[in-house]
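Survey of secondary and tertiary structure
Letter by letter, the chains look like this.
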There are 4 protein chains.
Amino acid sequence: MDFQSVLDEIYEQVKQSENRGTVASYIPELGKVDPSKFGIYLLDHDKKGYEAGDANERFSIQSISKVLALSQAFGLEGPDIWKRVDVEPSGDPFNFLSLLELEKGIPRNPLINAGALVICDILISHLKDPKQDFLNYVRSLANDDSIDYDEKVAQSEKKTGFRNVAAANLLKSFGNIHNDVSDVLDFYFYQCSLSMSCKQLANTFFFFANRGKCIRGHEFLNLSQIKRINAIMLSCGFYDEAGEFAFRVGLPGKSGVGGGIVAVHPEKYCIVTWAPGLNAKGNSAMGMQALEQFTSRTGLSIF
Amino acid sequence: MDFQSVLDEIYEQVKQSENRGTVASYIPELGKVDPSKFGIYLLDHDKKGYEAGDANERFSIQSISKVLALSQAFGLEGPDIWKRVDVEPSGDPFNFLSLLELEKGIPRNPLINAGALVICDILISHLKDPKQDFLNYVRSLANDDSIDYDEKVAQSEKKTGFRNVAAANLLKSFGNIHNDVSDVLDFYFYQCSLSMSCKQLANTFFFFANRGKCIRGHEFLNLSQIKRINAIMLSCGFYDEAGEFAFRVGLPGKSGVGGGIVAVHPEKYCIVTWAPGLNAKGNSAMGMQALEQFTSRTGLSIF
Amino acid sequence: MDFQSVLDEIYEQVKQSENRGTVASYIPELGKVDPSKFGIYLLDHDKKGYEAGDANERFSIQSISKVLALSQAFGLEGPDIWKRVDVEPSGDPFNFLSLLELEKGIPRNPLINAGALVICDILISHLKDPKQDFLNYVRSLANDDSIDYDEKVAQSEKKTGFRNVAAANLLKSFGNIHNDVSDVLDFYFYQCSLSMSCKQLANTFFFFANRGKCIRGHEFLNLSQIKRINAIMLSCGFYDEAGEFAFRVGLPGKSGVGGGIVAVHPEKYCIVTWAPGLNAKGNSAMGMQALEQFTSRTGLSIF
Amino acid sequence: MDFQSVLDEIYEQVKQSENRGTVASYIPELGKVDPSKFGIYLLDHDKKGYEAGDANERFSIQSISKVLALSQAFGLEGPDIWKRVDVEPSGDPFNFLSLLELEKGIPRNPLINAGALVICDILISHLKDPKQDFLNYVRSLANDDSIDYDEKVAQSEKKTGFRNVAAANLLKSFGNIHNDVSDVLDFYFYQCSLSMSCKQLANTFFFFANRGKCIRGHEFLNLSQIKRINAIMLSCGFYDEAGEFAFRVGLPGKSGVGGGIVAVHPEKYCIVTWAPGLNAKGNSAMGMQALEQFTSRTGLSIF
């Protein structure tokens, strides 16, 4: 299939869209991003890349990092990880903390904030230097040592992330945070601040489309583990718009408030979009359009 | 792949399982079923069938019928259907009616009871003789005129289905039932009482694995519509165990309290299991095991 | 204290209020009431009455009847009544049915609809001819045989009361309705349709301010029982505005969507207001103002 | 009435009770208290005191302090206080934070933890040296300079109060905490650590039974303000057992996890009990029994 011309057409068409969403401003640093940015990058199963627009510009990957932290933690902790975090969709935009109370401190899944905080806690228990070791893990996956945290974004979120502080303390009150709450939060804010381009993300997430083997061919997770994380991305990767994404795009994926979306088609390809404007549900407005068009035009969804 | 020997091995192994669940008893008629029943049927993309155990014995398909009603309603009503029912997982085992209140009478998805009641209401608005016309639709999909309702089961549920009566009246109070509540409930109880074998179900659901074309080659829905229903099955087909099913089995599917489970792998195959004992979440205990083994052994999941 | 001149002043002042609320229209018959109606009646501990405005005109007492049904059921069933209904405020305007689900069919208190339905069910189990026997009970309390149901209102609510049908069926599904759901609902709709004037209500409720002895001196409940119902009225008599009423008025009481409010000061007096316009929380707007002024001017609250 | 002999009888009888509850252990320091302690103190309207048992031994007043902080804040801030905290019962034992989310950061009432944190924030905005100024306020009310904080208890709760840290941060995320979260929490933990005897508490709370005038005759709040706080105590003073307390005891009051209960009968008396064992709802088991017996024997409830 001629992926390049498909990307070019989608890029031109979505670029004209009037439905561009709004740049996230609750993390002050993120509010400074140019809203007209738009990039797409596709890496096929033969490791051939295709790009359009700002595919090489770095942005804050935010919640997309949760999938990477989950994969590192799953590798280190094994199936015991599921004793501390469930794999069900949260299904509830209203009250992110209330389910946590009803379910006694077991977050619904590892891709909501509460679940990601538990994953951070698990990583801290395993790693000597969590921030550096996690960064090395991502660099190694991507085969790219230039990947780094964005200190300004991390500090900006640290000052305003009261809701995450609330979640971490509630988890601690249920005994589902083992380390110091402040260490967990610090690691979490850094993890979310990772700055990467569409291309770098596609290289990093390639192993989810390649049965666990990274772009250099090293096995990071086995097929069974990859299947599980892909299933979680499909069910839980888009907050309360997970069903909508499965329905419109039909791929496992994960979005971030920085405007990035990563999606994978097992054994076929990995695709990444970036456009900072978010829709009402907090997912990149133009990214959603681009991905829906992509699977519609190519017929390459998992359904 | 030698599907027959895979089915045989799984059948023998799961048959010995000590984790057999409990037969549903809240619908009195269902409580009379022999708990030792166990059948598997697989229909591959070339319409070749493989079976093990009680694959030709009929059972009450119950909630599996919701997918068939949804597909008929989607065909008749088109995308307007999504104005009256959402496509997000419900995510909540505790309070099936409360989300309905919070979200002003728009059910979370068409596969929970409240959503299925709205689908029944939509069908009643379109069909002259809803019960007969829906039955004809299913018979036509399966190419099998022997399929029928089980009057005893329908009457049994009618006498005890207070929770569904509650849901229908709550929907009516929000204006999301247009016809008489009692007509909607009557149709709903009949729809759920459909009696079919694993083989008949596989034949019927074949079109979800065949881009909308039924076993006789007639197109019932287009590819885009099929994709959407498959996505909904994956996200919402197993109540609050949807994530677990996606995670362990990795296929779109739907279960019923009669002990049946249908799952499809688009463009590959359709598989149906039946074992009346249910696990704590209300899904067939042995069916779940059989399907997990099947995708693990064959590697044929969508993830 | 010169109650008459206090009532006259309050009547004149509140009559000018611009904050008159909106007449309930969800029961069609209620929507036909003249919104300018306004009456006050006070019966002191010596059975001396004081009135202002439309104090002798009958209106639909609606939820005020729940207190009377509760008192009859408490007398017949004794303390076992609290096994089937709790005495805590519901505290939740959003989702009236969801608490019922969380708490497994035990309504929060007997003055919310779900609780009143359970009380109706208890009465049906005790009474030979529930509708007539309850009517006789109220007539006997008031010493007034002219009190009667309003058939039109009862029928009007019967046609539109889907939410109550939902609640009754949900209760039935939890086993907390013992009789036929339709009998319970029929009795409930009639009970709410009682048509009484401010004066008749004051005469009826006198026994709550008189240690259980009615206006003719007969003991209907003992002091301990009266204390309990007064406490329930204070905590739960005004839906999610119960705290506000306790706070602004400082008396046990009960409102109805017909615009009536009854309030009692134990061993001091019973006061009833009627003005059909309701505030946003569903309580009579002018009635609330009149009662707040009354306890503020006289200092006669329980706090 | 011979209060002394009533107290003596109740003391002897409740002392034998087998239903003694369990001492709170979630704040480690509180777990060290002797569970056999039991004291009662009554101060009548003529300032005459009556006592039984350990009425002069100091204990941690915990949540009882919330009423005192509320009264100081109400005096300083006036009615604007109700813009930041509501006056409705919370009605929900399950999910203390979820209502906060549904209601956008406005706590249900000032006597639940979230509400008390907002009150602390209001006091910090008004007071130069909040901890000292609040202590002086309490000493002045009680006419007793020996009252003080218990440093050990304050530190103990500080180390384990993750749930309160969660609540404060959630409030901050909604903009309903204006000062530093850590300052608010520090003040809150100190406030709760106040150590007082039954007698000291009765002297302090006397002004709620005396139209706002303290034991020395100084007016701290006006009658209207006192009425309002008494109403709030009745509706909200006992978490999800508020209705039960109104029902069984029939007085405005407030309990603390240290085992203390304060109750007032406006213009009649103030009564305080202390017994460290708590019932399932977190209120002093023997205190509840003693107070229920007191109002039953004397007939002196507000209902």
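Residues numbered from 1 in each chain as written. Chains lettered and ligands numbered in written order. Predicted model: local features only at pLDDT ≥ 70, side-chain atom pairs only at ≥ 80, totals over all residues. Heavy atoms only, no water.

1. Considering the overall build of chain A
The line we're drawing: Helix and strand definitions follow DSSP, with helices as H or I runs of at least four residues and strands as E runs of at least two, each counted in order from the N terminus. Throughout, radius of gyration means the C-alpha value; the globule benchmark is 2.2 Å times the number of residues raised to the power 0.38. Residue contacts are counted whenever heavy atoms from the two residues lie within 4.5 Å of one another.
The number of helices and strands found in chain A is 12 helices and 10 strands. On C-alpha atoms alone, chain A measures out to a radius of gyration of 18 Å, which is about the 19 Å that the 2.2 N^0.38 rule sets for 303 residues. With the C-alpha coordinates aligned to their principal axes, the bounding extent of chain A is approximately 55 × 40 × 35 Å. Across chain A, every contact between residues at least 6 apart in sequence was considered, and the portion connecting residues at least 24 apart equals 69%.

2. Some remarks on the packing of aromatic side chains
For clarity, the cut-off: For Phe, Tyr and Trp, where Trp contributes only its six-membered ring, two rings pair if their centres lie within 6.5 Å, and the inter-plane angle classes them as stacked under 30 degrees, edge-to-face over 60, or tilted in between. Each residue's exposure class comes from its accessible area (1.4 Å probe, protein chains only) as a fraction of the maximum for that residue type: buried when under 20%, exposed when over 50%, partly exposed otherwise. Lysine NZ or arginine CZ positioned within 6 Å of the ring centre and within 35 degrees of the ring normal marks a charge as sitting over the ring.
Throughout the structure, instances matching the rule amount to 64 aromatic pairs over all chains. Centroid distance Phe207 of chain C to Phe220 of chain C: 6.1 Å. Interplanar angle 70 degrees. Geometry classified as edge-to-face. Taken together, the residues span a long stretch of sequence, with Phe207 of chain C in the loop between α9 (198–205) and α10 (223–236) and Phe220 of chain C in the loop between α9 and α10 at a distance of 13 residues. Note on Phe207 of chain C: relative accessible area 0%, which makes it buried. Chaining the aromatic ring pairs together yields one cluster made of Tyr137, Phe205, Phe207, Phe208 and Phe220 of chain A. Over the ring of Tyr190 of chain B we find Lys131 of chain B, and its NZ or CZ is 3.9 Å from the ring centre.

3. Some thoughts on the UniProt feature "binding site: substrate" (unreviewed entry) in chain A
Residues and elements named next belong to chain A. Stated formally: UniProt positions are given in the numbering used here, feature names are shortened, and annotations may be inferred rather than shown by experiment.
If you check UniProt for "binding site: substrate" (unreviewed entry), the listed places come out as Ser63, Asn113, Glu157, Asn164, Tyr188, Tyr239 and Val257 in our numbering. With respect to the helices, strands and loops of the structure, Glu157 is situated in helix α6 (residues 151–160). Residue classification places Glu157 among the buried residues on the basis of a relative accessible area of 3%. Apart from residues lying up to four places away in sequence, Glu157 is in contact with Ile27, Gln62, Asn164, Phe189 and Cys192. Inspection of the secondary structure puts Tyr239 in the loop between α10 (223–236) and α11 (242–248). Not counting residues up to four positions away in its chain, the partners in contact with Tyr239 are Ser63, Lys66, Leu111, Lys254, Ser255, Lys281 and Asn283.

4. Concerning the sheet that holds strand β2 (residues 39–44) of chain D
Residues and elements named next belong to chain D. Let me state the cut-off plainly: Here, strands pair whenever DSSP counts at least two bridges between them. To obtain each axis, a line is fitted to C-alpha atoms, and for helices this fit is confined to the stretch in contact; angles are then taken between N-to-C directions over 0 to 180 degrees.
What the 5 strands build is an open sheet, ordered β3-β2-β9-β8-β7; its pairing is antiparallel. With partners counted over all chains shown, the strands left at the sheet margins are β3 (49–53) and β7 (253–255), one partner each. Each strand axis lies, on average, 5 degrees off the axis of its neighbour in the sheet, ignoring direction. Direction of pairing for β2 relative to strand β9 (residues 269–274): antiparallel, over a ladder of 6 bridges. Note on β9: the bridge partner recorded for Leu43 is Cys270.

5. Examining the interface of chain A and chain B
The test is simple: A quick way to say it: buried area is the sum, across both parts, of accessible area lost when two parts are put together, with a 1.4 Å probe. In what follows, salt bridge is the name for a side-chain nitrogen of Lys or Arg lying within 4 Å of a carboxyl oxygen of Asp or Glu.
Each partner contributes to the interface: chain A provides 37 residues, whereas chain B provides 37 residues. Buried surface at the junction of chain A and chain B, both sides included, amounts to about 3000 Å², of which 61% is carbon and sulfur. It is Lys227, Phe247 and Phe303 of chain A in chain A that bury the most area against chain B; as a group they hold 28% of the surface buried on that side. Our count for the chain A to chain B interface comes out at 2 salt bridges. Between Arg228 of chain A and Glu292 of chain B there is a salt bridge, with its nearest N and O atoms 3.5 Å apart. Contributing elements (two or more residues each) for the side of chain A that touches chain B: α3 (98–102), α10, α11 and α12 (285–298) of chain A.

6. Considerations on the pattern of salt bridges
Counted according to the given criterion, the structure contains 48 salt bridges over all chains. It is possible to trace a salt-bridge network through shared partners that takes in Arg228 of chain A together with Glu244, Arg248 and Glu292 of chain B.

7. As for the relation of the copies chain A and chain B
Just so we agree on the cut-off: Here the copies are matched by least squares. The fit uses the C-alpha atoms of residues with pLDDT of at least 70 in both.
With an RMSD of 0.0 Å, the operation that places chain A on chain B is a rotation of 180 degrees combined with a shift of 0.0 Å along the axis. Both copies are brought into coincidence by an operation consistent with a two-fold rotation axis.

8. Looking at the nonpolar core
The condition that has to hold: Buried residues of nine kinds, namely Ala, Val, Leu, Ile, Met, Phe, Trp, Tyr and Cys, make up a nonpolar core once their side-chain atoms join them within 4.5 Å.
Formed by 154 residues in total, the largest nonpolar core has its most connected members in Phe205 of chain B together with Phe205 of chain C. If sequence neighbours within four positions are ignored, Phe205 of chain C has contacts with Ile64, Val67, Leu68, Met233, Val262, Val264 and Cys270 of chain C.

9. Describing unusual backbone geometry
Backbone geometry places Arg211 of chain A, a non-glycine residue, at a positive phi of 55 degrees. For Arg211 of chain A, the location among the structural elements is in the loop between α9 (198–205) and α10. Using a relative accessible area of 40% as the deciding quantity, one classes Arg211 of chain A as partly exposed. Unusually for a residue other than glycine, Gln62 of chain B sits at a positive phi of about 45 degrees. Mapped onto the secondary structure, Gln62 of chain B falls in the loop between β4 (59–60) and α2 (65–77).

10. What to know about the sheet that holds strand β2 (residues 39–44) of chain B
Residues and elements named next belong to chain B. If you walk across this open sheet you meet the 5 strands as β3-β2-β9-β8-β7, and the pairing is antiparallel. Edge positions in the open sheet fall to β3 (49–53) and β7 (253–255), since each of these has one partner strand only. Across the sheet, the mean angle separating the axes of adjacent strands is 5 degrees when strand polarity is ignored. Its contacts with the sheet put helix α12 (residues 285–298) on β2, β8 (260–265) and β9 (269–274), and the angle it makes with β9 is roughly 150 degrees.

11. Re the pairing of strand β8 (residues 260–265) of chain D
All names here are of chain D. Taken across its 6 residues, β8 has 6 buried, putting it largely inside the fold. Burial of the side chains of β8 extends over both faces: Gly260, Val262 and Val264 are buried on one face and Ile261, Ala263 and His265 on the other. The sheet contact formed by β7 and β8 spans 3 bridges and is antiparallel. From the neighbouring strand, Lys254 faces β8, where its bridge partner is Val262. The hairpin formed by β7 and β8 contains 4 residues between the paired strands, and Gly259 there has a positive phi angle of roughly 100 degrees. In this structure, β8 lies alongside β9, joined through 6 bridges in antiparallel fashion. Its bridge partner being in β9, His265 is matched across the sheet by Tyr269. The hairpin formed by β8 and β9 contains 3 residues between the paired strands, and Glu267 there has a positive phi angle of roughly 65 degrees.

12. A short note on the pairing of β3 of chain D
All names here are of chain D. Where β2 and β3 come together, 5 bridges link them in antiparallel fashion. Bridge assignment links Ile40 to a residue of β3, and that residue is Ala52. Where β2 hands over to β3, the hairpin turn is made up of 4 residues, of which Lys47 adopts a positive phi near 65 degrees.

13. Here's the deal with α6 of chain A
Residues and elements named next belong to chain A. Put simply, the rule reads: To be clear, the arc concerns the directions from the helix axis to the C-beta atoms. Polar contacts, as counted here, are pairs of nitrogen or oxygen atoms within 3.5 Å of one another; within protein the pair requires one atom able to donate a hydrogen and one able to accept it, and residues that are adjacent in sequence qualify only if both atoms are side-chain atoms.
Looking only at α6, the buried set comprises Val153, Ala154, Ser156 and Glu157. For α6, the angular spread of buried residues about the axis comes to 165 degrees, placing them on one side. In α6, the exposed positions angled more than 90 degrees off the buried face are occupied by Lys152 and Lys159. In this fold, the buried residues of α6 make contact with β4 (59–60), α7 (162–173) and α8 (181–192). In this structure Asp150 caps α6, since a side-chain oxygen of it lies 3.1 Å from the backbone nitrogen of Lys152.

14. Considering helix α10 (residues 223–236) of chain D
An α-helical turn contains 3.6 residues, so any two residues separated by three or four positions project in the same direction. Residue and element names in this part refer to chain D. The cut-off we apply is this: Multiplying 1.5 Å by the residue count of a helix minus one yields the expected span of that helix.
Look at α10: 20 Å from first C-alpha to last across 14 residues, which is about the 20 Å you get at 1.5 Å a residue. Counting buried residues in α10 gives 12 out of 14 residues, a clear majority hidden from the surface. All buried positions along α10 are accounted for by Gln225, Ile226, Lys227, Arg228, Ile229, Asn230, Ala231, Ile232, Met233, Leu234, Ser235 and Cys236. Two or three places before Ser224, at the start of α10, stands the capping residue Asn222, its side-chain oxygen 3.1 Å from that residue's backbone nitrogen.

15. Regarding the side chain of Asn169 of chain B
Along the chain, Asn169 of chain B turns up in helix α7 (residues 162–173). The buried category is assigned to Asn169 of chain B, whose relative accessible area is 5%. Apart from the residues lying within four places of it in its own chain, the contact partners of Asn169 of chain B are Val181 of chain B together with Phe162, Val165 and Ala166 of chain C.

16. A word on the side chain of Arg139 of chain D
Residues and elements named next belong to chain D. Among the secondary structure elements, Arg139 is positioned in helix α5 (residues 130–142). Under the relative-accessibility criterion, Arg139 is labelled buried at 15%. Here Asp145 takes part through its backbone oxygen, which lies 3.3 Å from a polar atom of the side chain of Arg139. With residues near it in sequence (within four places) discarded, Arg139 still touches Gln132, Asp144, Asp145, Ile147 and Asp148.

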